[in-house]
Structures are given as C-alpha cells and as structure tokens.
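Reading the structure
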Amino acid sequence: MKSTHKILIIPILILQLSCSSSKAIAQSNVAKSKSNSKINVYTTAENTNLRLSLSNDLISSSQQTNSTVSITVDETKTDQTFLGIGGAITDASAEVFAKLSPKNQQEFLTAYYDKNKGIGYSLARTNIHSCDFSSESYTYIQEGDKDLKTFNIDHDRKYRIPLLKKAIETAGGKLTLFVSPWSPPAFMKDNNDILHGGVLLPEFAQSWANYYAKFIKAYEKEGIPVWGLTIQNEPMAKQRWESCIYTPEAERDFLKNFLGPTLEKENLGSKKIIIWDHNRGDMLEKRANLVFSDPEVSKYAWGIGFHWYETWNGGTPKFESVAEVHKDFPNKNLIFTEGCIEKFDATKFQFWGNAERYGLNMINDFNNGTVAWTDWNILLDQNGGPNHVGNFCFAPIHADTSKDELIYTPMYFYIGHLSKFIRPNAKRIKATSSDKTLLSTSFKNTDGKIVTIVMNSSDKEVIYNLINKTQKTTIIIPAHAMQTLKY
C-alpha cells in the first residue's frame, strides 16, 4: 500500500462506506443511480477508493471482449444452512470500547451490527472469565470454592456486559452468542495454575460443569441470551495464558458424564455444545470421529469448532479436514470459532495480505461445509491489546485511544462482503470457478436472492462470466479485490 494509506479512518455508512473520501462516495452514488440491472456488484479493491462500494460500472458492456473465465452457479444443488458471521466480544474489546467517545462508540456499533448501515454481524463469542485478551486473570469465585457459593459475574458488569447488550440492541435485538472457557480456576487443575496448561482434576469435574451452567444463567438473567458453548478453548495448547489440556478421550468423557447431563439437569439442554475449538487438521477429524460415532455422547454435541492456526509454522490451511468431517457427519455442524492475524505490527494496519487471508479462509471453509464463521477480537487498541501476557494481534477495527479515532483495516471490508449479504438461514449452493485465480462461494438467502462472493488475489484485473440458469453476466474484478454479486 502507498504511504498515504497507512491509517484509514472512516465514518460508517456502509452502502456509502465506499472509502475515506467524498469523491469515492460520489462515485458510489453515481453507480447506484445508474443501476437498473438485475444484478448488483459491490467491490473492495486495493489501491482504489472502493470499499464495499456499489460498482455496477464493473459489469461489462456487450461491446467488451468476453472472458474465458467463468463462475457457474447451480442453485438446484444445495448444502449446509448458514448460521452467521461475527466476532468475539472479549474483555479487551469491551475495555477499548469504553475509552471511545459516545460518537465513536455508536459508529463502531453501527459498523459491525447494523445490517443496513454496517456489515450485519449476527454471531458473537465471549469468554467465561479471563483469557489472554483480558487485562488480568480472574474467575467468578473465590479460590477454593468448590461449591461455587461465591459465584458472581460482577467483574463483567463494568465493560463486557454493557457492550454485549449494546451489540444485541444494534443487531436488532438478536445475536447468536456462544461462550468459551480458557481454563478452570487454578485449584481445579493439577498444576494449581490458571495459566500454563494443566488438566482438570477428576474430583472437580462436576464443580466445573456446574460453573458453565451458573455462567449461562447469570448472563441470561442480565438479558443476554446464550445460544451455545464450547467445552474448552484450544484443548491441546499449553499456553503462557489461561489454558487447559484435554485429550480426545478426556473431552469426550467430560461431555458425556458431566457437562451434557448437567446442562440437561439445569434446564439448559437446548444450548448447543461445540467440541474441539482448536485447529484444523488430523485432530479435527479424530475428535469428530470419537465423539460423533458414540451415540451416548454424540447426543450432547451440536457440532465441532475449529481455528486456523495450524499454519503457525508455515504450513498450509487444512481445509480438507473440514471437508472430511462434513462428509462423514453431514448431520453435525462445523463452525469456525476463532482466527486472527497474529504478531501485531502497527505499520500493517492497511496490509492487504491480511484481508486476503480472511477471504481465502472464509470462502474455503464455507465451501467445505462450515455453517458459521467467528473472527477473534472485534476491537483492539493501537497496540493490538490490551493483553495481560503481551500476546498482541490484529482486529478488523482498531481504536487509537490517544486520539479517539477508529482505524478500519481491509479485513473489516473483506469480512463484510460475506456477513452483510449472506443472511442467517441462507442455503449454500454449488458454485464452480473455471480458473484458480478466482475463489468463489455462493448462497441463496431466504428471500430468494442469490449472493456470490468472488475474490481475486492476483496482480491483474480479471474479466469473468457469472453464469446461472437465467443469465450470463460479464464482470470485471480489479487486482487484489473482493466482490459480492447479488441477484
């Protein structure tokens, strides 16, 4: 990116959130006024002012040369039902949000959760007591309280609960929220430490299962409905921060003997329980096989969650493991529960490759059967935090709290190309690209409208044909661009 794009600070009105300049907004309005076609094209592209911009001028006229590249959509062939797209409302996000002016708080909420003026997030995740993206480690009980007599969520009332309530309100009164623990309290673990891995001691398994139920009930008493939960964030990772290890067998047995029965007993049996909540790869398949093949434990499991950090050491994303689980267990659900750009670097707020990593992962995950996709922190500060162990990272939106400014990264717009236009209960339909230069996925919304997402990560613009049963449309996609086609 050119140096003039190091920090992009823009007011939010998404259909005119085309860019950071009045010129681009004017261009978007011109495109809108000229649009009488049956298809609308929205584009975000590097080195342009296009940011989720209505750009029907990129529909080629009949005089232009037809392309040999085609994306063919067959709406008669359907797959999974779409649940939603969203991000995690962590302590860090809530603490940064509280430092913004009321004006910027409202802009931020609109940017994410308003489906008309923003990108329409319909999904959220939050942590059960502290995680690395908290300013400190904490739990909801006094240390050693096995009976949970001191349980309370007062800590969360200062920052996190107010933000969750505002997000739900901005989203129209409904947000699909799931919750995740990073570690049991220290006394419940064999290492007597909320950090650094360790395992849950058998004598505290019931107490820990009760803890989930108390948390869900406490949040719902606050007016925050909880749709589901994961059993443990990253159960095979011993981290410097809150973490706890579960072998496949240990997770299965905890779900079967404690968590599942406890939620049923507490009239919380309708909550969706998600296993694994860690990286794609062989372990995703192993966990799925172990749990979903056992009727006595499978009855408690709605599906399996996964992250994208299997690429940490330079490997490639293991999309094939997602496809394998979807093929073997078509009646279970796959949900992407966390991903972020690691290793924060303030010089890369506008680094386009970060957005393309999101596009690559989202499109491939959906094409392999995923029903929902959850980003990590919705908001971080200018340093990639706060984080109590210095594990700083990127978010789609950052706040420079010293200047009371919001910084929108390209990731925000790439996510928005899916979250804004693909709505809950849409059905994925078959879409085939004739050229690997273009990645694509398609969904049919409940209103009958088809949404096709196209990503071009090459250095050249591509002219391609969108083909379905009723029409053939030739469209130009700029270099390093994402497009949403709605028709």
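Going by the structure above, here's the rest.
As a starting point, this report considers the structure included with it. Quick caveat: nothing in here was measured; it's all calculated off a predicted structure. (Residues numbered from 1 in each chain as written. Predicted model: local features only at pLDDT ≥ 70, side-chain atom pairs only at ≥ 80, totals over all residues. Heavy atoms only, no water.)

1. Observations regarding the overall build of the chain
Each helix and strand counted, the chain has eleven helices and 20 strands in total. Here the C-alpha atoms of the chain give a radius of gyration of 22 Å, agreeing with the 23 Å that 2.2 N^0.38 yields for 487 residues. Dimensions along the principal axes, computed over C-alpha positions, put the chain at roughly 75 × 50 × 40 Å. By residue count, 60% of the 487 residues in the chain fall in the buried class. Across the chain, the fraction of contacts at a sequence separation of at least 24, relative to all contacts at a separation of at least 6, is 73%. Only carbon and sulfur atoms are counted for the fraction: they give 49% of the accessible area of the chain, which is about 18900 Å². Of the side chains in the chain, 55 bear a positive and 52 a negative charge, and the two mean positions are spaced by 7 Å. (Helix = DSSP H or I, 4+ residues; strand = E, 2+ residues; numbered from the N terminus. Rg over C-alpha atoms; globule rule 2.2 N^0.38 Å. Buried < 20%, exposed > 50% of the residue type's maximum accessible area, 1.4 Å probe, protein only. Contact = heavy atoms within 4.5 Å. Areas by Shrake-Rupley, 256 points an atom, 1.4 Å probe, with all protein chains shown as cover. Lys, Arg positive; Asp, Glu negative; His and termini not counted. Charge placed at Lys NZ, Arg CZ, Asp CG, Glu CD.)

2. Some points on the layout of surface pockets
Here the largest pocket defines a volume of roughly 500 Å³. Residues of the lining of the largest pocket, tallied by class, amount to twelve nonpolar, nine polar and four charged. When its volume is computed, the second largest pocket comes out at roughly 330 Å³. Contributing to the lining of the second largest pocket are 20 residues, with Gln239, Trp241, Tyr309, Trp312 and Asn391 lying nearest its centre. (1 Å grid on protein atoms, 1.4 Å probe; cavity = no way out; pocket = protein on both sides within 12 Å on 5 of 7 lines; lining within 4 Å. Points joined across faces, edges and corners; volume = space filled by probe spheres on them. Nonpolar A, V, L, I, M, F, W, Y, C, P; charged D, E, K, R; others polar.)

3. Quick look at the nonpolar core
Phe254 and Leu255 are the most contacted members of the largest nonpolar core, which totals 121 residues. Ranked by the residues each element gives to this core, the list is headed by helix H5 (residues 205-221), at ten residues. Not counting chain neighbours up to four residues away, the residues in contact with Phe254 comprise Leu200, Ala205, Trp208, Ala209, Tyr212, Ile231, Tyr246 and Leu259. Membership of the second largest hydrophobic core comes to 18 residues, among which are Val73, Leu438, Leu466 and Tyr487. (Core = buried A, V, L, I, M, F, W, Y, C linked by side-chain atoms within 4.5 Å.)

4. Section: the packing of aromatic side chains
What describes a pair of aromatic rings is the distance from one ring centre to the other and the angle between the planes of the rings. Throughout the structure, instances matching the rule amount to 38 aromatic pairs. Measuring from centroid to centroid gives 5.7 Å for Phe82 and Phe366, while their planes differ by 50°, and the two rings are tilted. On the criterion of sequence distance, the pair formed by Phe82 in the loop between strand S3 (69-81) and strand S4 (84-88) and Phe366 in helix H10 (residues 352-367) is long-range, its members being 284 residues apart. Residue classification places Phe366 among the buried positions, given a relative accessible area of 0%. (Phe/Tyr/Trp six-rings, centres within 6.5 Å; stacked < 30°, edge-to-face > 60°.)

5. Notes on H5
With 17 residues, H5 should cover 24 Å at 1.5 Å per step; its first-to-last C-alpha distance of 25 Å lies within 8% of that length. Regarding H5, the residues found buried are Ala205, Ser207, Trp208, Ala209, Tyr211, Tyr212, Ala213, Phe215, Ile216, Ala218 and Tyr219. Elements in contact with the buried residues of H5: strand S5 (123-128), helix H4 (160-170), strand S6 (176-181), strand S7 (228-230) and helix H6 (248-265). (Expected span 1.5 Å × (residues − 1).)

6. Some points on the pairing of strand S8 (residues 272-279)
The side chains of a regular strand alternate, residue by residue, between the two faces of the sheet. Counting buried positions over the eight residues of S8 gives seven, a clear majority of the element. Bridge count for S7 against S8 is three bridges, and the pairing is parallel. Residue pairing for S8: Thr230 is matched across the bridge by Ile274. Regarding topology, H6 serves as the crossover connection from S7 to the parallel S8, and that connection is right-handed. Pairing between S8 and strand S9 (residues 301-307): six bridges, direction parallel. Within S9, the residue paired with His278 across the bridge is Phe306. (Pairing = 2+ DSSP bridges. Right-handed = clockwise from strand over helix to strand, strands pointing away.)

7. A closer look at the packing of H10 against helix H11 (residues 410-419)
Geometrically, a packed helix pair is captured by the angle between its two axes and the distance between the axes. It is the contact of H10 with H11, at a shortest axis distance of 7 Å, that shows an interaxial angle of 25°. One finds that H10 runs roughly parallel with respect to H11. Read as a crossing pair, H10 and H11 show a hand that is right-handed. The residues of H11 that touch H10, namely those facing Trp352, Asn354, Ala355, Glu356, Tyr358, Gly359, Met362 and Phe366, are Pro410, Met411, Tyr414, Ile415 and Leu418. Residue composition of the contact of H10 with H11, grouped by class: ten nonpolar, two polar and one charged. (Axes fitted to C-alpha atoms, helices over the stretch in contact; angles between N-to-C directions. Parallel < 35°, antiparallel > 145°, perpendicular 65-115°, else oblique. Left-handed = near helix turned anticlockwise from the far one by under 90°.)

8. Remarks on the sheet that holds strand S13 (residues 397-400)
Ordered by their spatial adjacency, three strands build an open sheet running S12-S13-S14, and the pairing between neighbours is mixed. Whereas interior strands pair on both sides, the edge strands pair on one side only; in this sheet they are strand S12 (379-381) and strand S14 (405-408). The sheet shows a mean angle of 30° between the axes of neighbouring strands, direction not considered. In this structure, S12 lies alongside S13, joined through three bridges in parallel fashion.

9. Digging into the sheet that holds strand S2 (residues 53-54)
The mixed open sheet is built from nine strands, whose spatial order is S2-S1-S20-S17-S16-S15-S3-S18-S19. The open sheet is flanked by S2 and strand S19 (472-477), the only strands paired with a single partner. Bridge analysis of S3 against strand S15 (residues 427-433) gives six bridges, and the strand direction is antiparallel. Each bridged residue has a counterpart across the sheet, and for Thr81 the counterpart in S15 is Lys427.

10. Considerations on the packing of helix H2 (residues 91-98) against H4
At a minimum axis distance of 9 Å, the contact between H2 and H4 shows a crossing angle of 85°. Looking at the two axes, H2 sits roughly perpendicular to H4. Residues Asp91, Ser93, Ala94 and Phe97 of H2 pack against Arg160, Leu163 and Lys166 of H4. Of the residues that constitute the contact of H2 with H4, the class distribution is three nonpolar, one polar and three charged.

11. Focus on the side chain of Glu310
If you trace the backbone, Glu310 turns up in the loop between S9 and helix H9 (319-328). Setting aside anything within four residues of it in sequence, one finds Glu310 in contact with Asn279, Arg280, Thr316, Pro317 and Lys318.

12. Details of unusual backbone geometry
With an omega of 10°, the peptide bond between Gly385 and Pro386 qualifies as cis. Positive phi, normally seen in glycine, also occurs at Leu52, with a value near 50°. Relative to the helices and strands, Leu52 resides in the loop between strand S1 (40-45) and S2. When its relative accessible area of 0% is taken as the criterion, Leu52 is described as buried. Positive phi, normally seen in glycine, also occurs at His480, with a value near 45°.

Fair warning: the whole summary comes from geometry, so function is off the table for now.
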